[in-house]
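# Residue-level structure breakdown
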Amino acid sequence: MKSFIALLAASAALLQPALAHYQFNQLVVNGVANADFVYIRKNTNINSPVSDVNSNDIRCNVGGLASGSTTSIVNVAAGSQVGFNVGYGGTIGHPGPLVVYLAKAPSTAASFDGSGAVWFKIYQIGADFSSGSLKWPTDGKTNITFKIPSSTPNGQYLLRIEHIALHGASTVGGSQHYISCAHINVTNGGSGNPGPKIALPGGYNPNDPSLLINIYWPPVTSYTPPGPSVWSG
Ligand SMILES: *[C@@H]1O[C@H](CO)[C@@H](O)[C@H](O)[C@H]1NC(C)=O
Ligand SMILES: *[C@@H]1O[C@H](CO)[C@@H](O)[C@H](O)[C@H]1NC(C)=O
Ligand SMILES: [Cu+2]
């Protein structure tokens, strides 16, 4: 009986979205939050993170390469603000940086698997040392807003947001990557030449100090998020 109850408790824990985890489930365009997973590829791991940066899941989360055909696309003017709201937990509950990438689809965003050295970074929120100790400005945030660079060329893109939780990152593979990919059609764009570009997987090294780090001890005095520099277009 006791073991039966333990088993029930264990399976309930497996079925429930883990507490303190989170997910980017709504795209915000022109200040309007759209319903969950209309323009964002649905994942199959609820609010769990990806930990293996060498897996294809690092691209668009678990299930995110299979849900392109059921995801809509939204027009976004270059130079305008877009955002993601945080669901399943409601806030960014773990410490770490946030990075946002675009990848231009060769044909449609819906059919694009994001393979190849196609990802360029357009935004990031790193660490803040202005108080004299390490702080993470994304702590507790319910939404993230940033600009699509003004000279981004027109066309269909995957827009990928990733928050990287570093509380367990002192061992290899301990970083937790919370990822969503949205479909956007950039309009009123320019003739910029975005870059540098990385492949995912491939562009992240699990041994890089951005991913393999003890954020608690010894005191951290500098931090650079993973991936290339930001293209501000
Ligand atoms: C977005 O986050 C800011 C703080 O970063 C907060 O003031 C604002 O209420 C949030 N907006 C929504 C719609 O959740
Ligand atoms: C993308 O925007 C262009 C205008 O720049 C428009 O002609 C085209 O129909 C849009 N495509 C989609 C899929 O919305
Ligand atoms: Cu968590």
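The following paragraphs examine the structure supplied in this document. (Residues numbered from 1 in each chain as written. Chains lettered and ligands numbered in written order. Predicted model: local features only at pLDDT ≥ 70, side-chain atom pairs only at ≥ 80, totals over all residues. Heavy atoms only, no water.)

### Re the sheet that holds strand β5 (residues 98-104)
Sheet architecture is open: six strands sit in the order β3-β9-β8-β5-β6-β10, paired in mixed fashion. The outermost strands of the open sheet, each flanked by one partner alone, are β3 (74-77) and β10 (197-198). When strand β6 (residues 119-125) meets β10, the two strands line up antiparallel, connected through two bridges. Pairing of tryptophan 119 across the sheet is with isoleucine 198, part of β10. (Pairing = 2+ DSSP bridges. Helix = DSSP H or I, 4+ residues; strand = E, 2+ residues; numbered from the N terminus.)

### So, the site of ligand 2
The immediate surroundings of ligand 2 are formed by Ile73, Asn75, Gln156, Asn185 and Thr187. A distance of 3.5 Å is found between an oxygen atom of ligand 2 and a side-chain nitrogen or oxygen belonging to asparagine 75. Asparagine 185 places a side-chain nitrogen or oxygen 2.4 Å from an oxygen atom of ligand 2. Across the complex, the protein chains shield 43% of the 370 Å² of accessible surface that ligand 2 would expose by itself. Taken together, the residues of the shell around ligand 2 break down into one nonpolar, four polar and no charged. (Near = heavy atom within 4 Å. Polar contact = N/O pair within 3.5 Å; in protein donor to acceptor, adjacent residues only side chain to side chain. Areas by Shrake-Rupley, 256 points an atom, 1.4 Å probe, with all protein chains shown as cover. Nonpolar A, V, L, I, M, F, W, Y, C, P; charged D, E, K, R; others polar.)

### Focus on the pattern of salt bridges
All told, the structure shown has one salt bridge when counted by the stated rule. The salt bridge partner of arginine 160 is glutamate 162, with a shortest N-O separation of 2.9 Å. Side by side, arginine 160 and glutamate 162 carry an identical accessibility label, which is buried. (Salt bridge = Lys/Arg side-chain N within 4 Å of Asp/Glu carboxyl O. Buried < 20%, exposed > 50% of the residue type's maximum accessible area, 1.4 Å probe, protein only.)

### A look at the site of ligand 1
Lys141, Thr142 and Asn143 make up every residue found near ligand 1. At 3.4 Å, a side-chain N or O of lysine 141 approaches an oxygen atom of ligand 1. With respect to ligand 1, the side chain of threonine 142 contributes an N or O atom lying 3.4 Å from an oxygen atom. When isolated, ligand 1 has an accessible area of 370 Å², and the protein chains bury 31% of it.

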